[in-house]
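# Geometric and topological summary
Each chain, written out:
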Amino acid sequence: MKQSSSLNRRKFLKATAAVAAGTAAGCSASKNPWRFLTESEALALTAICEQIVPADDMPGAAWADVVVYIDRQLTRKFKEHRQVYRDGIAAADRMAGGSFAGAEAGKQFATLQQMEKDKTTKPFFELVVAHTMQGFYGNPRHGGNREYTSWRMLGVPSTPVRGRDHYDFTKAGRS
């Protein structure tokens, strides 16, 4: 009797290990790094934001992770704008000839100018401009403005995080 229960336990452990390995392999292969956006939407939105705040001698919106900020906020404070983003990004792709991210910079700029004038895409355009500015100039703890990029550009000192004062414990009470 002891032998059969031991055999069942071994079979169970092998089966569990096989399922766990298969599940882990399946999850990592299809994992999307974005919270709300699809990967293609994130590519298009990155290109849109980079047209709004382009890189020059300082990094632009893409490097500053503005799309990370927008993606996070679309699962929080911007939930009511989800459909506007889905429709607006799809319209940008369509108006750019299939892929906004794949279009040349001049075509991207012209597409955004057209979106700004069109009454159906203007709400998306205005929203993405506002959110790009928030992500580029806001506090990095919300997902954008990586490494205080815009603050360094403007000469604004970074703010310390409350409750995280750094103390030097090497001298205090040690012998």
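We now turn to the structure provided with this report. What you see is a predicted model; the values in this text were computed from it and never measured.

Once that is clear, we can look at the pattern of salt bridges. Per the stated rule, a full pass over the model turns up 2 salt bridges. Between R86 and E41 there is a salt bridge; the shortest N-O distance is 2.3 Å. Residue R86 is found in helix α4 (residues 82-95), and its partner E41 is found in helix α2 (residues 39-52); the two are separated by 45 residues along the sequence. Here R86 falls in the partly exposed class, since its relative accessible area comes to 26%. With a closest N to O distance of 3.8 Å, K122 and E126 form a salt bridge. Of this pair, K122 and E126 both sit in helix α6 (residues 122-137), 4 residues apart, which is roughly one turn of the helix.

It is worth spelling out the nonpolar core at this point. Core analysis: the largest hydrophobic core is formed by 31 residues, its most contacted members being L37, L45, C49, I70, Y85 and F100. For this core, the elements supplying multiple residues, two or more each, are α2, α3 (66-73), α4, α5 (105-117) and α6. The element best represented in this core is α2, accounting for 6 residues.

Right, let's get into the side chain of T111. As for its placement among the helices and strands, T111 is situated in helix α5. Residue classification places T111 among the buried residues on the basis of a relative accessible area of 1%. A polar contact of 2.8 Å, which involves the side chain of T111, links it to the backbone oxygen of K107. Leaving out residues up to four positions away in the same chain, T111 has contacts with A92, M95, A96 and F100.

So, about the packing of aromatic side chains. Counted according to the given criterion, the structure contains 3 aromatic pairs. Between Y69 and F78, the aromatic rings sit 6.0 Å apart at their centres with planes inclined by 85°, giving edge-to-face as the arrangement. For F78, a relative accessible area of 9% gives the class buried. On the basis of an interplanar angle of 90° and a centroid distance of 4.9 Å, the ring pair of F136 and Y137 is categorised as edge-to-face. For F136, a relative accessible area of 1% puts it in the buried group. Note on Y137: relative accessible area 36%, which makes it partly exposed. Above the ring of F36, the side-chain terminus of R86 is found at 4.0 Å from the ring centroid.

Conventions and cut-offs
- Residues numbered from 1 in each chain as written.
- Predicted model: local features only at pLDDT ≥ 70, side-chain atom pairs only at ≥ 80, totals over all residues.
- Heavy atoms only, no water.
- Salt bridge = Lys/Arg side-chain N within 4 Å of Asp/Glu carboxyl O.
- Helix = DSSP H or I, 4+ residues; strand = E, 2+ residues; numbered from the N terminus.
- Buried < 20%, exposed > 50% of the residue type's maximum accessible area, 1.4 Å probe, protein only.
- Core = buried A, V, L, I, M, F, W, Y, C linked by side-chain atoms within 4.5 Å.
- Polar contact = N/O pair within 3.5 Å; in protein donor to acceptor, adjacent residues only side chain to side chain.
- Contact = heavy atoms within 4.5 Å.
- Phe/Tyr/Trp six-rings, centres within 6.5 Å; stacked < 30°, edge-to-face > 60°.
- Lys NZ or Arg CZ within 6 Å of the ring centre and 35° of its normal.

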